[in-house]
Structure formats: C-alpha cells, structure tokens
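What follows is the residue order along each chain.
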Amino acid sequence: MFSFRREIDFTGYTLIVPSVSVGNVPQLAVDVIIETLKLDPVGQLWHPALIPVIGAPAFEHEPADFVSTSAELYLSEEKHLAVLQLRAPLVGNAQQRAFLEQLADFVRDRHFTEVLLLASCFAHEKSNVRTAPFSYVANEMYERADDAGSRRLTEDGGRWTKHTGGVIHGGGFGAKLLELLTERSIAGVLLFMYVSEGDNTTEGLMLARMLHTISGERLLPAGAQEFDFRWPKSWQHLFGSSHPRSLY
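Nothing here was measured: the structure is a model prediction, and the numbers come from that model.

### Some words on unusual backbone geometry
Right, on to step 1. The backbone of K38 sits at a positive phi, close to 50°, despite the residue not being glycine.
Right, on to step 2. On the secondary structure map, K38 appears in the loop between α1 (25-37) and β3 (40-45).
Right, on to step 3. By relative accessible area, which is 45% here, K38 ends up partly exposed.
Right, on to step 4. Residue H111 is not a glycine yet carries a positive backbone phi of 60°.
Right, on to step 5. Following the sequence through the fold, H111 ends up in the loop between α2 (93-109) and β8 (114-122).

Here's what the structure looks like:
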C-alpha cells in the first residue's frame, strides 16, 4: 500500500489524516501544516480506490523535479509526526472499504500512538448557531490517553462541541475510518468544521490553527505564533485570479 523512500519506525508517532470533505478544508489544513513545518516527503500511497493524479511540486521546500501524486506521506522525526495528504477522492464502495481497512491495519501494525482525523461538514447541517463551527468525535482510547489531547478539546474556551450522534454530512470517510481504528484499539479523534463551498483557504488556516492547539502546539516551529502558518505556493492560483478592477 505504501512505498517508502527509506525504512521508518513509526512507533509513538501521531498520524494526521484528512478526509476528502466539503470545500476540501481538511486537505487545505494539511497543506498549511506541511508547508509550515517543511515536512519531508517519505512515501507514496497506491491503491485502486485512489484516482491517479500527478503534478508539479506542491511545496517550496520540495525539489524542482519532485512529482506530486494522489496520496503522499510527510514526516517530522523531531516532532514524531506523520501527515498523510490526499489529493483525490476515493472511488468504488468495495475499493473504499478495502482502502480504509488497509490504512487502519497499517496504523496498528506500525504502532502509531494516535490518529487525528480531519473533516468538514455542510454549514446548513449545524443546528446550534450559537456555538463555534468546530465539533469532534473521539473514541474511548483517545479520551483516556495520557497526552491530554481530549482535555484540551473540552477546555479550549468552549470552541469545540462534542458531536452526539448522527451522520456527518459531507464529511467523507472520516467517521468510517474512526470506527475501524476503534475496532483495532487505536486512539483516534475526528475533528470537523462546518463550512460552505467556495474559497475555503481561510477555513483551512483556521482548522490548522485549531489542530495546533489540540495537538499540544506541535504544528509550528519553536517560538512561532499562530499567524506564522505559511500558505503553500500551490495555493497561488487555486481559485483563479482576482476580479478585474475595470468592472467597477
């Protein structure tokens, strides 16, 4: 499933996985994290469920001859952090199920400590307009872990609301992967944000900043502030050029 450029011991690592969701907000957040920490691309993921994609380097710290593909794994050995970036949705019900099963098996067999799943949900599904747009679902292993991640969720100024049930509309495979991780006794949490389709770069930055807090401030270099998150160069023309001033 994975093809690594070198052998890596993932024991004790945290894995961040974006679910292809509304507005691609999770992938945008992952882009920000990879660019800011200048994470090292260490492997590619191949599976029939992934639509083939190939393109130029997405990040400034990658070599000019680097080729971006559908799914790649990035790494920070210093922070014991692995980040999976998906650039294509999953296809085929049987293939999707096999992909998620194999990914959950990979996490278990490589002894990751926890998995942080990112997703987004349709804004019109949010029933309580008085709360912040951030919600989460955590399994028992994550809630009782010693790294205090679950405590940060409940103490973070009330910005996170625990999802009490029901379908996360527009959230992609996030809930299903969390279920498979739970079956394998792997600590996992699904963090999602209510958004609307459009230019979602702002939401991507917001989700990255929120994840930075939940993860114990591991997503920025030492001494950096939240506004120091960097936009990757691949965002430059992500939503086209600005409107012509001659219109006005």
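### A few points about the packing of α1 against helix α6 (residues 201-214)
Right, on to step 1. One can describe the packing of α1 onto α6 by two numbers: an axis separation of 8 Å at closest approach and a directional angle of 65°. Crossing handedness for the pair α1 and α6: right-handed. When α1 is examined against α6, the residues V25, P26, L28, A29, V32 and I33 are found in contact with a partner set consisting of T201, E203, G204, L205, L207, A208 and L211.
Right, on to step 2. Residues of the contact of α1 with α6, tallied by class, amount to 10 nonpolar, two polar and one charged.

### Describing the pairing of β8
Right, on to step 1. Burial analysis of β8 places eight of its nine residues in the buried class, the great majority of the element.
Right, on to step 2. Judged from the five bridges that link them, strand β2 (residues 14-18) and β8 form a sheet pairing that is parallel. Residue T14 lies in a different strand from β8, and its bridge partner there is E114.
Right, on to step 3. As defined by bridge partners, β8 adjoins strand β11 (residues 187-195) across nine bridges and the pair is classed as parallel. Within the sheet, the bridge partner assigned to V115 lies in β11 and is G188.

Cut-offs applied
- Residues numbered from 1 in each chain as written.
- Predicted model: local features only at pLDDT ≥ 70, side-chain atom pairs only at ≥ 80, totals over all residues.
- Heavy atoms only, no water.
- Helix = DSSP H or I, 4+ residues; strand = E, 2+ residues; numbered from the N terminus.
- Buried < 20%, exposed > 50% of the residue type's maximum accessible area, 1.4 Å probe, protein only.
- Axes fitted to C-alpha atoms, helices over the stretch in contact; angles between N-to-C directions.
- Left-handed = near helix turned anticlockwise from the far one by under 90°.
- Contact = heavy atoms within 4.5 Å.
- Nonpolar A, V, L, I, M, F, W, Y, C, P; charged D, E, K, R; others polar.
- Pairing = 2+ DSSP bridges.

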